[in-house]
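Spelled out, the chains give:
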Amino acid sequence: MKKKIKVLISACLLGDNVKYSGGNNLTPELVTLLEKYNVKIVKICPECFAGLPIPRVPSEILGDKVFSKDGRDITEEFLKGAEISYIIAKKNKIDFVILKERSPSCGSSYIYDGSFSGKVIQGQGFTARKLNEENIVIFSEENLKEIEKYLEKLNKQ
């Protein structure tokens, strides 16, 4: 019997209201794709794991630190959220991860530049960095075609 594909995914992408604003980033095409392949979903929100409230002050990465828009250094919280997310990924023996692009936790290719001006730069959020260091395959919700190709590949194994 084939093993079920397990995916670690940012909870906001599935409609959970865990965003800093109290809303979500529901991505219906992603939900449909995951249903099509009947994957086991393991939801995460590193910022919630770190004990940050919903809603919360927006935060961005500047250098090696994370600051909230009101100037607080919340790097430790982001490191804690990344570590908990990694432990959950390892415990669940996940096959790959889908994270919210541009998030200071989950951005896999792009993040905001730390100026709170909406400018996007290449970079990774703290959780994406941690999972990447552990050689876990990461996609963003913006890579649906690549995710489907990867699911096809895993399905054939």
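Here the structure is a predicted model, which is why all the values come from computation and not from measurement.

Cut-offs used in this document
Residues numbered from 1 in each chain as written. Predicted model: local features only at pLDDT ≥ 70, side-chain atom pairs only at ≥ 80, totals over all residues. Heavy atoms only, no water. Disulfide = S-S within 2.5 Å. Pairing = 2+ DSSP bridges. Helix = DSSP H or I, 4+ residues; strand = E, 2+ residues; numbered from the N terminus. Axes fitted to C-alpha atoms, helices over the stretch in contact; angles between N-to-C directions. Contact = heavy atoms within 4.5 Å. Patch = residues over 30% accessible without salt bridge, like charges linked within 9 Å, V, L, I, M, F, W, Y side chains within 5 Å. Areas by Shrake-Rupley, 256 points an atom, 1.4 Å probe, with all protein chains shown as cover. Salt bridge = Lys/Arg side-chain N within 4 Å of Asp/Glu carboxyl O. Buried < 20%, exposed > 50% of the residue type's maximum accessible area, 1.4 Å probe, protein only. Polar contact = N/O pair within 3.5 Å; in protein donor to acceptor, adjacent residues only side chain to side chain. Parallel < 35°, antiparallel > 145°, perpendicular 65-115°, else oblique. Left-handed = near helix turned anticlockwise from the far one by under 90°. Nonpolar A, V, L, I, M, F, W, Y, C, P; charged D, E, K, R; others polar. Phe/Tyr/Trp six-rings, centres within 6.5 Å; stacked < 30°, edge-to-face > 60°. Lys NZ or Arg CZ within 6 Å of the ring centre and 35° of its normal.

What follows concerns the state of the cysteines. Here the structure, examined in full by the defined rule, presents 0 disulfides. Free of any disulfide, C48 has its nearest cysteine sulfur in C45, 3.3 Å distant.

Further remarks concern the sheet that holds strand β1 (residues 6-10). Strand order in this open sheet of 4 strands is β2-β1-β5-β8, and the pairing throughout is parallel. The open sheet has two free edges, formed respectively by β2 (40-44) and β8 (138-140), since each of these has just one partner strand. Along the sheet, successive strands turn relative to each other by an average axial angle of 25 degrees, direction set aside. Taken together, the 5 bridges between β1 and β2 define a ladder with parallel strand orientation. Within the sheet, the bridge partner assigned to S10 lies in β2 and is I44. Against the sheet, helix α5 (residues 144-156) makes contact with β5 (96-99) and β8, and its axis sits at roughly 165 degrees relative to β5, the strand it touches most.

Right, let's get into a nonpolar patch on the surface. A surface patch of nonpolar side chains, about 240 Å² in accessible area, is lined by Y110, Y112 and V120. Counting through the fold element by element, Y110 comes out in strand β6 (residues 110-112).

Within the structure shown, the criterion is met by 9 salt bridges. Taking the shortest distance from any N to any O, the salt bridge between K36 and E148 comes out at 2.6 Å. Placement of the pair is K36 in helix α1 (residues 28-36) and E148 in helix α5, with a sequence separation of 112 residues. What makes K36 exposed here is its relative accessible area of 57%. Because the salt bridges share partners, they merge into one network encompassing E83, K130 and E134.

Right, let's get into the pairing of β5. Burial along β5 is two-sided: F96 and I98 facing one way and V97 and L99 facing the other are all buried. When β1 meets β5, the two strands line up parallel, connected through 3 bridges. Opposite I9, over in β5, you have I98 as the bridge partner.

This next bit is on the environment of K130. On the secondary structure map, K130 appears in helix α4 (residues 126-133). Along the sequence, K130 and N155 sit 25 residues apart, while their C-alpha atoms lie 26 Å from each other. If near-sequence neighbours (up to four positions away) are discounted, K130 is found in contact with A82, E83 and Y86. In this structure the side chain of K130 is engaged in a polar contact, spanning 3.4 Å, whose partner is the side chain of E83.

At a minimum axis distance of 8 Å, the contact between helix α3 (residues 75-91) and α4 shows a crossing angle of 45 degrees. The angle between α3 and α4 falls in the class oblique. Helix-helix and strand crossings are classified by hand; for α3 and α4 the assignment is right-handed. Listed contacts from α4 to T75, F78, L79, G81, A82, E83, S85, Y86 and A89 of α3 are F126, T127, K130 and L131. For the contact of α3 with α4, the class distribution of residues is 7 nonpolar, 4 polar and 2 charged.

What follows is about the packing of aromatic side chains. Summed over all chains, the structure comprises 4 aromatic pairs. The interplanar angle of 85 degrees and the centroid separation of 5.5 Å between the aromatic rings of F96 and F139 together place this pair among those described as edge-to-face. Placement of the pair is F96 in strand β5 and F139 in strand β8, with a sequence separation of 43 residues. Each member of the pair, F96 as well as F139, carries the same accessibility label: buried. One aromatic cluster is present, formed by F96, F139 and Y150 through successive ring pairs. In this structure, K130 is placed above the aromatic ring of Y86, and the distance from its NZ or CZ to the ring centre is 4.9 Å.

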